[in-house]
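Structural description and commentary
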Amino acid sequence: MRKLLASATLIYVFFSATSAGRAQTVTVRATSALSDQAVQYLAGVSKPKELTIPAGVKPETFMRAFCGGGLSNTYQEEFYKLNGESFERAPVNRPRNVLVPGCVQWARDAKVPLRPNDTIDTVIQREIGTDSEAVLKPCGTNDKDLRCNKTIRQLVRILNPDLNLDDPKDAKQVVLPVVSKFTTIQLNDAAPPPQTVVNELERLTATTAAAPPNVQAQAAAPGVEDIELIKPLNFETGFVDKSDCSTADPNAAWPINEAAVSAALARNRLALEAAGATVKPARIAVLDTGVELPSAEIPVQLLERNLLEVPNNNVDDDRNGFIDDVYGIDARGLGKIAPAASYEAAEHGWYVADLATGGAKTRQLAGLAQHLRLKVVNLVLADQNKFEIREGAILRGLQYASSYADIVNLSVGSPNSMDNVVTAARGYPKLLLVIAAGNRGKDLNIKPLYPAFFGGQLGRLQDQAITVAAHGPDGRRANFSNFSAEYVDIAAPGCAIVQTSRQGASVRNFGTSVAAPFVSFTAALIRSLGIENPNAIKNRLIASSRYVPKLDGLVVAAGILDPVKAVSVYEDVVEKSDKGSAWLTGRWKRPNFVNLCSDRDELEANRIRKITVLPQDPSRLRVLYENDDHRVRPFFCSPAGTGIVIDQTTGGTVTVPWSELFDFVPGMRLT
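So, how was this worked out
- Residues numbered from 1 in each chain as written.
- Predicted model: local features only at pLDDT ≥ 70, side-chain atom pairs only at ≥ 80, totals over all residues.
- Heavy atoms only, no water.
- Core = buried A, V, L, I, M, F, W, Y, C linked by side-chain atoms within 4.5 Å.
- Buried < 20%, exposed > 50% of the residue type's maximum accessible area, 1.4 Å probe, protein only.
- Helix = DSSP H or I, 4+ residues; strand = E, 2+ residues; numbered from the N terminus.
- Contact = heavy atoms within 4.5 Å.
- Salt bridge = Lys/Arg side-chain N within 4 Å of Asp/Glu carboxyl O.
- Expected span 1.5 Å × (residues − 1).

**Here's the deal with the nonpolar core**
- With 123 residues, the main nonpolar core has Leu379, Ile394, Val408, Val519 and Leu541 as its most contacted residues.
- The greatest single-element share of this core, amounting to 10 residues, is contributed by helix α12 (residues 512-528).
- Each residue touching Val408, except ones within four places of it in the same chain, is listed here: Ala285, Leu287, Leu398, Ala401, Leu431, Leu432, Leu433 and Val434.
- Judged by nonpolar contacts, the second largest core, of 29 residues, contains Ile53, Leu71, Tyr80 and Leu201.

Written out as structure tokens, the structure is:
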């Protein structure tokens, strides 16, 4: 059944109006060109932006870049009306300051890059905001437009005659009849309230009673502006306790065992390929203080480069709504991702990006580029010597990440609930958010910090957000790390992390902001191996974590990140209680239903995510089990039978008695 779009404008409203005079905005997405009346109305209620047309550039070219590629005669009339009818319309050999009215970003017949695993339906949904069977334009009386009454899929077939729409995996790009982006428009002082603007747009975009516009309007909470960066700590701050955050043993594999991760990746990559699938690099967007890219420290093979964008030409070449976004965007939506040199925390983004790509040693591993890519969003709004992070920058970063990333790393916090972040994130359900828990040493149940409070098993984004605490080399929670058994999912290394500054100095960083990128890195490796659902990745991270009894009541599953077990996606891993014993890998010999516990009914084997023999009570098992709601929960029981029987990867079958087992993590079944 065909869905009639009519003029079909999707309208989302995020606005704020406070005694401090904070600006009111509307955020609009149009699934086709707006009517002339709607264009005029938006131009009239918007606060014009003061911009500069470069020398030698036609005003129409500049307007087209500003509006994402789509440009109507009506909008041009509004532009010239605002800048004076005598405004020179030809290019001149000097820059010109102009006032630019608000417009909705859209483009016609636009080339769009295809991502791994894209189908035509997913591309249309992402780039246009509707399904492929929708009719872009109904035919009017005597309408000779060849596009009318055709579905978007039919138009895509016309525009791409050589493309296999049913299987476009070999194509690099597709031409769509229209693309549209969410556009935030600031209202001027004379404009009516945002909801009134929405109602009027709804009226202006309705064409017939039978085909009303597809309009969704929401009045969101006031935007949060008092957002702080979760900065690294050091011993000198007085907040790092040396007794529980001591420097790691130089001979220990801290913070991660690069060689073991590399070996596990290689085994599971081969297992995936043997099943006829391939590794697809996962993309991490670091939303932080920015990074200067490209750089010698991060190989270009690990960068997610927008090949359709020409660097530094001040033009939105690919018409995606962002100018010069080769490696990412800044708080204003431009490609200026380098941090402000005068900002005291300028290097924070570099430290996070360094660890999100595995750290210096890990980046030397062969084959890593098969598994991950880096994208950067600079959240810091710099105004002379004033630096701040606003919720609007995070929203823009999430919007951008929805097109160019799979995993988002956030190390910011505010005591005020970021309701708009929740709304935005839910609109991008394929994104996994990895969030630093914060460095105040507080229980989030008592003193919430946002967006960290959105993770865990009770957070509002529990299915797509994972909140990360910090631990030291001995596995204990670092005293500075926030915690919660309900809202913090996992702990990761956050003490004495040795890194190199951009000036070449060796530094030791502490904090949940250095713990979170280790989780982002591991999540990317998991995703590259074929687990794409954010909640499934989260479950894998939790199930593969190392149980530390001292974290009971502090972290959801009392676990610390174990990258080696996490990426052992397609093999079962046995760790014996004898710490000197090598881990066993292979496949658990078991029926579909397992009599695992003597005091419980049989369990579905494919729902068992982890079995641990309690160090404090070897006669009891701790089992992580995936419930019907696809969430992993622990329970305790007494073991039945003799132990775990494994067909080893190296050959032969071995039984590991309960008395010798510490930890068992089953992998997924490819066949």
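Now that the structure has been shown, the text picks up again.
**Overview of the pattern of salt bridges**
- Applying the stated criterion across every chain yields a total of 25 salt bridges.
- Its salt-bridge partner being Arg460, residue Asp419 comes within 2.8 Å of it at the nearest N-O pair. Placement of Asp419 in helix α11 (residues 419-426) and of Arg460 in the loop between β18 (432-436) and β19 (465-471) is noted, with a sequence separation of 41 residues between them.
- According to the relative accessible area criterion, Asp419 is partly exposed, its value standing at 26%.
- Look at Arg460 and you get partly exposed, because its relative accessible area is 40%.
- We note a salt bridge from Asp489 to Lys538, for which the minimum N-O separation is 3.1 Å. Here Lys538 lies in helix α13 (residues 534-543) and Asp489 lies in the loop between β19 and β20 (490-493), a separation of 49 residues in the sequence.

**As for helix α10 (residues 391-404)**
- Under the 1.5 Å per step criterion, the end-to-end length of α10 is 20 Å for 14 residues, consistent within 8% with the ideal 20 Å.
- Here α10 lies mainly inside the structure; 12 of its 14 residues are buried.

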